[in-house]
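# Remarks on the overall topology
Listed below are the residues making up each chain.
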Amino acid sequence: MHPASRVKCRMVRMSGRTGRIAAGLSPLFLVAAIGAGSGGAGATGGHTIRPDALIYFFDQIALRQQEPPPGVRPKWVRRWNGPVAVTLSGEIPAGFGARLDRSLADISRWTGQRFARAAGAAKAPRRKRISIRIVPHAAMLQRYGPGGHVCTAATFGWNGRLHTARIEISDRYTDCLDHELMHALGFDGHWLASNRDNAIRSVLARRDTPARRLRFTRFDTIAIRTLYHQTLAPGMARENALAQARRILKSPPRL
Ligand SMILES: [Zn+2]
């Protein structure tokens, strides 16, 4: 079996660790584009995406807490209050740093918060930090076995406010990057596309499914903008967050 066909991310968890989170400015209002369409459903490649399909997608990846154990972790909004420093360590493949920088620039634009690489790991703050480590594939095999995890992401925070994330990426599967970054942003779930919603593509779809993409899709962009919209807040309960998302996505852009 192809080892990546069974890739799963390690459970993303919200720890009960205490720690003062510095108060910051509210996220900038950057989601105008979401509501700026002329109304009606979005369309892509001849497919029509209804707002309720977008809501279902957002709910699955941001709020449902699909990973076991079920019901243990709260269904609420998890997100950063930046700026967030990103460090990169390990044997870094050629071009990977530049690719990371492009993804961080996109994320900064969509969230209204600064996500950028720190000059050096030693100087980076311990909090408000995403650490990315490139791991030799042999080490991943040793740890998780054949067919096991090839990339992992774990987030830590308090009351929905993320303060640390750790990403590990096998040097053989560096195309995990955007998938793991999305976990780090606060999306704990995966996109388990059903027939009803099969026009929605995402980096968070399972690697062995047709919905999987390696680079952020427009649907991922919408989900990120929605999670970081000014009307949502860290720790907001799922039902409240869904109500806000319905307002935001009432007139989704044409895709
Ligand atoms: Zn994952």
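Residues numbered from 1 in each chain as written. Predicted model: local features only at pLDDT ≥ 70, side-chain atom pairs only at ≥ 80, totals over all residues.

## Re the overall build of the protein
On a plain count of helices and strands, the protein comes out with 7 helices and 7 strands. Its helices and strands in sequence order give the protein the pattern α-β-β-α-β-α-β-β-α-β-β-α-α-α, from N to C terminus. Taken over 255 residues, the protein has a buried fraction of 38%. Across the protein, every contact between residues at least 6 apart in sequence was considered, and the portion connecting residues at least 24 apart equals 75%. (Helix = DSSP H or I, 4+ residues; strand = E, 2+ residues; numbered from the N terminus. Buried ≥ 20, exposed ≤ 12 C-beta atoms within 10 Å, placed from the backbone. Contact = placed C-beta atoms within 7 Å.)

## Concerning the confidence of the model for the protein
On average, the protein scores 79 in pLDDT, and the residues at 70 or more come to 75%. Contacts from residues 1–46, a stretch scored under 50 in pLDDT, to residues over four places away or in other chains number 97 contacts. (pLDDT = per-residue confidence, 0-100.)

## Looking at the pairing of strand β3 (residues 84–90)
Side-chain positions along a regular strand alternate between the two faces of the sheet. With 3 bridges connecting them, β3 and strand β4 (residues 115–117) associate as parallel partners. By the bridge assignment, Val-84 is partnered in β4 with Phe-115. Here β3 runs beside strand β5 (residues 129–135); their pairing, made up of 6 bridges, is parallel. Across the sheet, Val-86 pairs through a bridge with Ile-130, a residue of β5. (Pairing = 2+ DSSP bridges.)

## Here's the deal with helix α7 (residues 238–248)
Those residues of α7 not exposed but buried are Ala-241, Ala-245 and Ile-248. All buried residues of α7 fall inside an arc of 55 degrees around its axis, so they share one side. Those residues of α7 that are exposed and angled more than 90 degrees off the buried face are Glu-239 and Arg-247. (Arc of directions from axis to C-beta.)

## As for the environment of Ser-103
With respect to the helices and strands, the residue Ser-103 is situated in helix α3 (residues 96–111). The spacing of Ser-103 and Phe-115 is 12 residues in sequence and 9.3 Å in space, taken between C-alpha atoms. Those residues within four positions of Ser-103 in sequence are excluded, and the remaining contacts are Leu-177, Asp-178 and Leu-181.

## Focus: the nonpolar core
Among the nonpolar cores identified, the biggest contains 54 residues, and Phe-57, Ile-61 and Ala-223 are the most heavily contacted of them. It is helix α2 (residues 51–63) that contributes the most residues to this core, 7 residues altogether. Other than its neighbours up to four places away in sequence, Ile-61 contacts Phe-187, Gly-189, His-190, Trp-191, Leu-204 and Ala-223. (Core = buried A, V, L, I, M, F, W, Y, C linked by C-beta atoms within 7 Å.)

## Observations regarding the sheet that holds strand β6 (residues 151–158)
Strand order in the open sheet formed by 5 strands is β4-β3-β5-β7-β6, and the pairing between neighbours is mixed. Only two strands of the sheet have a single partner each, and these edge strands are β4 and β6. The sheet shows a mean angle of 20 degrees between the axes of neighbouring strands, taken without regard to direction. In the sheet, β6 pairs with strand β7 (residues 161–170) via 8 bridges, with the strands oriented antiparallel. Note on β7: the bridge partner recorded for Thr-155 is Ala-165. The sheet strands contacting α3 are β3 and β4, and the helix crosses β4 at an angle near 160 degrees. (Axes fitted to C-alpha atoms, helices over the stretch in contact; angles between N-to-C directions.)

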